[in-house]
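Below, each chain spelled out in residue letters.
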Amino acid sequence: MTRAQQTISIGLLVTSLYLALYLKLVPLPTLVQTEIVPVLPFWALVSFGAYLLFRLGWNVMTFHDVPEAHKELMVEIDLAKADLRGLGVEVD
């Protein structure tokens, strides 16, 4: 199963569960049904956004310079420039 199929499957499962709750197919206490279930999608969206912001901040905070990767990237850039020059493309 590809990642796209997994994502679609999980999305359909979550949507089905939410619709079962929203359409009152699953019996819940009245307070939960009227106060919590309608705002679950908004809560999930805000939580997902907070998770992504945390993950971005964590990756920026723990970013380390990797000199070997920089050297390797510069060699690949030089090879690409040489290849393009060989094909007649003007580079820098």
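Residues numbered from 1 in each chain as written. Predicted model: local features only at pLDDT ≥ 70, side-chain atom pairs only at ≥ 80, totals over all residues. Heavy atoms only, no water.

## With respect to the overall build of the protein
Spelled out, the test is: Numbering of helices and strands runs from the N terminus, with a helix taken as a DSSP run of H or I at least four residues long and a strand as a DSSP run of E at least two residues long. Our radius of gyration looks at C-alpha atoms and nothing else; its globule reference is 2.2 Å times the residue count to the power 0.38. Only protein chains enter the accessibility calculation, which uses a 1.4 Å probe; a residue whose area is less than 20% of its type maximum is buried, one above 50% is exposed, and one in between is partly exposed.
Broken down by element type, the protein carries four helices and zero strands. From first element to last, N terminus to C terminus, the protein shows the α and β order α-α-α-α. For 92 residues, the compact-globule estimate of 2.2 N^0.38 gives 12 Å, and the protein exceeds it by more than 25% at 25 Å. Counting the 92 residues in the protein, one finds 4% classified as buried.

## Observations concerning the packing of aromatic side chains
Any pair of aromatic rings gets described here by the distance separating the centres and the angle formed by the planes. Stated formally: Here is the rule: rings of Phe, Tyr and Trp (six-membered ring for Trp) pair when centre to centre is within 6.5 Å. Planes less than 30 degrees apart are stacked, more than 60 are edge-to-face, and the remainder are tilted.
For the structure on display, the rule yields two aromatic pairs. Consider the rings of Y18 and Y22, whose centres lie 5.7 Å apart with planes at 25°: the pair is stacked. In this pair, Y18 and Y22 both sit in helix α1 (residues 3-22), four residues apart, roughly one turn of the helix.

## Here we look at the confidence of the model for the protein
What counts is decided by this rule: Think of pLDDT as the predictor's per-residue confidence, scored from 0 to 100.
Averaged over the protein, the pLDDT score is 92; the fraction of residues at 70 or greater is 100%. Confidence, expressed as mean pLDDT per element, reaches its minimum in the protein at helix α4 (residues 67-86) with 90 and its maximum at α1 with 95.

## Regarding the layout of surface pockets
Rules: Grid spacing is 1 Å over the protein atoms alone, the probe is 1.4 Å, and a cavity is where that probe fits but cannot get out, while a pocket is an open set with protein on both sides within 12 Å along at least five of seven lines and lining residues have an atom within 4 Å of a point. Grid points are joined across faces, edges and corners, and a volume is the space filled by probe spheres set on the points. For this classification, Asp, Glu, Lys and Arg are treated as charged, while Ala, Val, Leu, Ile, Met, Phe, Trp, Tyr, Cys and Pro are nonpolar and the rest, including Gly, are polar.
Roughly 350 Å³ of volume is contained in the largest pocket. Taken together, V14, T15, L17, Y18, L40, P41, W43, A44, L45 and F48 form the lining of the largest pocket. Of all the elements in the fold, those that place two or more residues in the lining of the largest pocket are α1 and α3 (40-61). Take the lining of the largest pocket: its biggest share by element is six residues, from α3. Partitioning the lining of the largest pocket into residue classes produces nine nonpolar, one polar and no charged.

## Quick notes on a nonpolar patch on the surface
Put simply, the rule is: For patches, a residue must show more than 30% relative accessible area and have no salt bridge; joins then use 9 Å for like charges and 5 Å for nonpolar side chains, namely Val, Leu, Ile, Met, Phe, Trp and Tyr. Reported accessibility uses the Shrake-Rupley method at a 1.4 Å probe radius. Residues are deemed covered only where the shown protein chains occlude them. We count a salt bridge whenever a side-chain nitrogen from Lys or Arg sits within 4 Å of a carboxyl oxygen from Asp or Glu.
Together, L19, Y22, L23, L25, V26 and L28 give the surface a local cluster of nonpolar side chains, amounting to about 570 Å² of exposed area. On the secondary structure map, L19 appears in helix α1.

## Some details on α4
Operational definition: A helix's residues, less one, multiplied by 1.5 Å, set its expected span.
The end-to-end C-alpha distance of α4 is 29 Å, a good match for the 28 Å that 20 residues give at a rise of 1.5 Å each. Two residues or fewer past α4, G88 is found with a positive phi of approximately 90°.

## Some points on the side chain of Q33
Here is the rule we go by: Throughout, a contact is declared for two residues whenever any of their heavy atoms are within 4.5 Å.
In this fold, Q33 is placed in helix α2 (residues 30-36). With residues up to four places along the chain from it excluded, the contact list for Q33 reads L21, Y22, K24, V26, L28 and P38.

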